[in-house]
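What follows is each chain in one-letter form.
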Amino acid sequence: MIPYRYGELISQGQEQSSVRAQVRAGQLTLVRHGGYVAGEIAPRPEERHLALLRTTVPVLDEASVLSHGTAGLLWGLPVPGRLLTKVHTTRQGNSGGTVGRWLHSHRAGLSSADLAERDGLVVTSFVRIAGVYLVFSYLIVPAVCGALLSSRTAVRLAIGWGV
């Protein structure tokens, strides 16, 4: 999957009408504002997210690290589809993340131990991603099961601890 930015296509001598014609012919697929890939994208959410990722990376600054669902996908982990609608990044800091149409930028303290390289991209480490999955598996899922199965606090606790 070869990503193209609209500006690159124009600087290579293509006209705006030529880009539109290539999209209509299926030679290019518009993935995001100003971001295209050659050919068509498979309908699977993972494939669409990888196309979105490849067209978003060129506009990210050097301080951005791919994280959350995006990093999980690059590590080969199963990622819920709802986490694949935006590219997730993390930048150094305590607060001030932003959410846009194609990008969810988080803020957190990151050390060099939290970073790794995957497919030529800087991502949060597998250990950091696995920690999120563990918290979800051992804390969130049992609590939700208890809440769904009972309205009494003691029973909810018993179910949560038993799951």
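Anything mentioned here points back to the structure above.
As the structure is a prediction and not an experimental result, all values here were calculated from the model.

Enquirer: Where do I start with the overall build of the chain in this structure?
Expert: Per the secondary structure count, the chain includes six helices and nine strands. In the chain, the proportion of contacts linking residues at least 24 apart, taken out of those at least 6 apart, comes to 43%.

Enquirer: Can you help me understand the environment of Ser-67 in this one?
Expert: Following the sequence through the fold, Ser-67 ends up in the loop between β4 (65-66) and α4 (68-74). Judged by relative accessible area, Ser-67 falls into the buried class, the value being 1%.

Enquirer: What is the right way to look at the sheet that holds strand β3 (residues 35-38) in this model?
Expert: Within a sheet, each strand pairs with its neighbour through backbone hydrogen bonds, oriented either parallel or antiparallel. An order of β1-β3-β2 is seen for the three strands of this open sheet, with the pairing classed as antiparallel. The open sheet has two free edges, formed respectively by β1 (3-5) and β2 (28-32), since each of these has just one partner strand. Taking each pair of neighbouring strands and ignoring which way they run, the sheet shows an average axis angle of 35°. Judged from the four bridges that link them, β2 and β3 form a sheet pairing that is antiparallel. Bridging across to β3, Arg-32 finds its partner in Gly-35. Together, β1, β2 and β3 form the strand contacts of helix α3 (residues 45-56), whose direction differs from that of β2 by roughly 80°.

Enquirer: Could you clarify how one ought to interpret the side chain of Thr-29 in this entry?
Expert: You can see Thr-29 is positioned in strand β2. Here Gly-39 takes part through its backbone oxygen, which lies 2.4 Å from a polar atom of the side chain of Thr-29. Residues contacting Thr-29, with those up to four places away along its chain left out, are Gly-35, Tyr-36, Val-37, Gly-39, Glu-40 and Ile-41.

Enquirer: Teacher, can you tell me more about the side chain of Ser-64 here?
Expert: Relative to the elements of secondary structure, Ser-64 occurs in the loop between α3 and β4. Reaching out from Ser-64, the side chain makes a polar contact with the side chain of Asp-61 at a distance of 3.0 Å. For Ser-64, the contacting residues outside a window of four places in its chain are Thr-89, Thr-90 and Arg-91.

What counts, and where the lines are drawn
- Residues numbered from 1 in each chain as written.
- Predicted model: local features only at pLDDT ≥ 70, side-chain atom pairs only at ≥ 80, totals over all residues.
- Heavy atoms only, no water.
- Helix = DSSP H or I, 4+ residues; strand = E, 2+ residues; numbered from the N terminus.
- Contact = heavy atoms within 4.5 Å.
- Buried < 20%, exposed > 50% of the residue type's maximum accessible area, 1.4 Å probe, protein only.
- Pairing = 2+ DSSP bridges.
- Axes fitted to C-alpha atoms, helices over the stretch in contact; angles between N-to-C directions.
- Polar contact = N/O pair within 3.5 Å; in protein donor to acceptor, adjacent residues only side chain to side chain.

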